[in-house]
Amino acid sequence: MKGLKAILPMLLAGNLYGISGNNILRNVDSVMSAPKDRKTLMKMTLIDDKGNERVRTAESYQKGSDKRLIKFISPADQKGVSFLALPNDVMYVYFPAFRNVRRVASHIKYQEFAGTDLTYNDLGSFGYSKDYNAEIVGEDDGSYTLKLTPKPGTDKPYSYLKMWVDKRTFLPQKVEHYDKSGSLWKVMRIEEVKNIKGYNIPFKIVVENVKKKHKTVMEFEKMEVDVGLSDDVFTVSYMRR
């Protein structure tokens, strides 16, 4: 019930005044970041246009809505490669082969990370409502359809996003990303959701780059929530360990 409690005030406001696209989007953000923290073992499968697969495993740590660390543990050539996201869009990357931590500069934050279909910005983002305005463009019995446009002054590589939101959980079911010319670029799908300690949490996420015909499948094999992670985990020194 914790996930429901997190969005209940906004749901009541929506019922009283007519729910808006921005209200729904804030609900999405609240549900996606509802646990105080989480520790995860994740399998990432990279699939190219010929169906060839590369499998990686990673440890992922998140605290609140503004701290995240991802560290690859296999295969051998990727072991130790790490990404750290901190408040105010501060991001770092560590490649053991170079033995140094580098801050992610603004001009490369939309580059893909370590061969996946996720950019540094994708990994460092914790919500949508900070950067996008949303309007309801469709609705059926099970979901809302939103169109998200970047807020004025926001630097995004997309002209807009289209999001389908589950009415029961307020989790996004699918998000389409359109490039500056209005062509479909990437699609994100949440294909499996589990309830842990009252939180509805995605356990299988597929990100497909439709232009490259390449996809990344993320499956969370083990997850613990509200474990009391120390802030020391989300530091540059921890990345090097």
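Residues numbered from 1 in each chain as written. Predicted model: local features only at pLDDT ≥ 70, side-chain atom pairs only at ≥ 80, totals over all residues. Heavy atoms only, no water.

Turning our attention to the packing of aromatic side chains. For the structure shown, the criterion picks out ten aromatic pairs. Ring geometry for phenylalanine 83 and phenylalanine 113: centres 5.9 Å apart, planes at 55°, overall tilted. Here phenylalanine 83 is found in strand β4 (residues 82-86), whereas its partner phenylalanine 113 is found in the loop between β6 (100-103) and α3 (120-124), with 30 residues between them in sequence. With respect to class, phenylalanine 83 is no different from phenylalanine 113; both count as buried. Ring geometry for phenylalanine 83 against tyrosine 120: centres 6.1 Å apart, planes inclined by 35°, an arrangement best described as tilted. Note that phenylalanine 83 is positioned in strand β4 and tyrosine 120 in helix α3, a separation of 37 residues in sequence. (Phe/Tyr/Trp six-rings, centres within 6.5 Å; stacked < 30°, edge-to-face > 60°. Helix = DSSP H or I, 4+ residues; strand = E, 2+ residues; numbered from the N terminus. Buried < 20%, exposed > 50% of the residue type's maximum accessible area, 1.4 Å probe, protein only.)

Glancing now at the nonpolar core. Formed by 48 residues in total, the largest nonpolar core has its most connected members in Leu25, Phe113, Tyr120, Tyr128, Leu146, Leu148 and Met163. At five residues, strand β12 (residues 199-209) tops the list of elements feeding residues into this core. When sequence neighbours within four positions are dropped, the list of residues in contact with phenylalanine 113 reads Phe72, Val81, Ser82, Phe83, Val93, Leu118, Thr119, Tyr120 and Leu123. Counting twelve residues, the second-largest nonpolar core is a separate cluster that includes Tyr61, Val90, Tyr92 and Val101. (Core = buried A, V, L, I, M, F, W, Y, C linked by side-chain atoms within 4.5 Å. Contact = heavy atoms within 4.5 Å.)

Our focus in this paragraph is the pairing of strand β5 (residues 90-95). Put simply, side chains in a regular strand alternate between the two faces of the sheet. Within β5, six of the six residues are buried, which leaves it mostly tucked inside the rest of the structure. Where burial is concerned, the two faces of β5 agree: the one with Val90, Tyr92 and Tyr94 and the one with Met91, Val93 and Phe95 are both buried. Pairing of β4 with β5, which is carried by five bridges, proceeds in the antiparallel orientation. Bridge pairing in β5 places alanine 85 opposite methionine 91. Between β4 and β5, which pair antiparallel one after the other, the connecting turn spans three residues, and asparagine 88 there sits at a positive phi close to 65°. Bridging between β5 and β6 involves four bridges; their strand directions are antiparallel. What sits directly across from valine 93, in β6, is arginine 102. Between β5 and β6, which pair antiparallel in sequence order, lie four residues; one of them, arginine 99, sits at a positive phi of approximately 55°. (Pairing = 2+ DSSP bridges.)

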